[in-house]
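# Overview (structure and organization)
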Amino acid sequence: MRIKNHPILEDLKNRKKVYITVDGRKVEAYEGEPIAAAMCAAGIRVHRTTPRHNEPRGIFCNRGRCTDCIMKVDGKPNIRTCVTLVKNGMKVESIRGMGDWSE
Ligand code: FES
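Residues numbered from 1 in each chain as written. Predicted model: local features only at pLDDT ≥ 70, side-chain atom pairs only at ≥ 80, totals over all residues. Heavy atoms only, no water.

### A short note on the state of the cysteines
By definition, a disulfide is the covalent link that joins the sulfur atoms of two cysteine residues. This model, assessed by the stated rule, comprises 0 disulfides. You can see cysteine 40 has no disulfide; the closest cysteine sulfur is in cysteine 82, sitting 12 Å from it. On the basis of relative accessible area, cysteine 40 is assigned to the partly exposed category, the value being 29%. (Disulfide = S-S within 2.5 Å. Buried < 20%, exposed > 50% of the residue type's maximum accessible area, 1.4 Å probe, protein only.)

Dropping the structure here:
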């Protein structure tokens, strides 16, 4: 679900449509929106899993204060996706447990 007309925020029609990939899946996004917003609109709720119990985590505070939404973005781990804006062609990957530090 995506809010297309909002009385205070800019009309979505004025925004440029871009695409990102999330775990290899092509996801539509709009310039100026956070990665987490594009993922939410695409129905993707799990951003990472916990190291000890492998439990799913996603948006919690939605303002950059917790770390539940962290993901690997363009090769950089631990990026807060709720406060990081999309860029066309961005590669976003979920973090499983402690993540992959091989790069
Ligand atoms: S949801 Fe808390 S930092 Fe992103």
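### Overview of the packing of aromatic side chains
Pairs of aromatic rings are described using the distance from one ring centre to the other and the angle between the two planes. By the definition in use, this model includes 0 aromatic pairs. One residue, lysine 26, lies across the ring of tyrosine 19, its end atom 4.5 Å from the ring centre. (Phe/Tyr/Trp six-rings, centres within 6.5 Å; stacked < 30°, edge-to-face > 60°. Lys NZ or Arg CZ within 6 Å of the ring centre and 35° of its normal.)

### Some words on unusual backbone geometry
For asparagine 54, which is not glycine, the phi torsion reads 55° and is therefore positive. Here asparagine 54 lies in the loop between strand 3 (48-49) and strand 4 (56-57). The exposure class of asparagine 54 is exposed, given its relative accessible area of 53%. For aspartate 74, which is not glycine, the phi dihedral falls at a positive 50°. Secondary-structure assignment places aspartate 74 in the loop between strand 5 (70-73) and strand 6 (76-80). The class of aspartate 74 is partly exposed, set by a relative accessible area of 48%. (Helix = DSSP H or I, 4+ residues; strand = E, 2+ residues; numbered from the N terminus.)

All we've got here are geometric facts, nothing functional implied.
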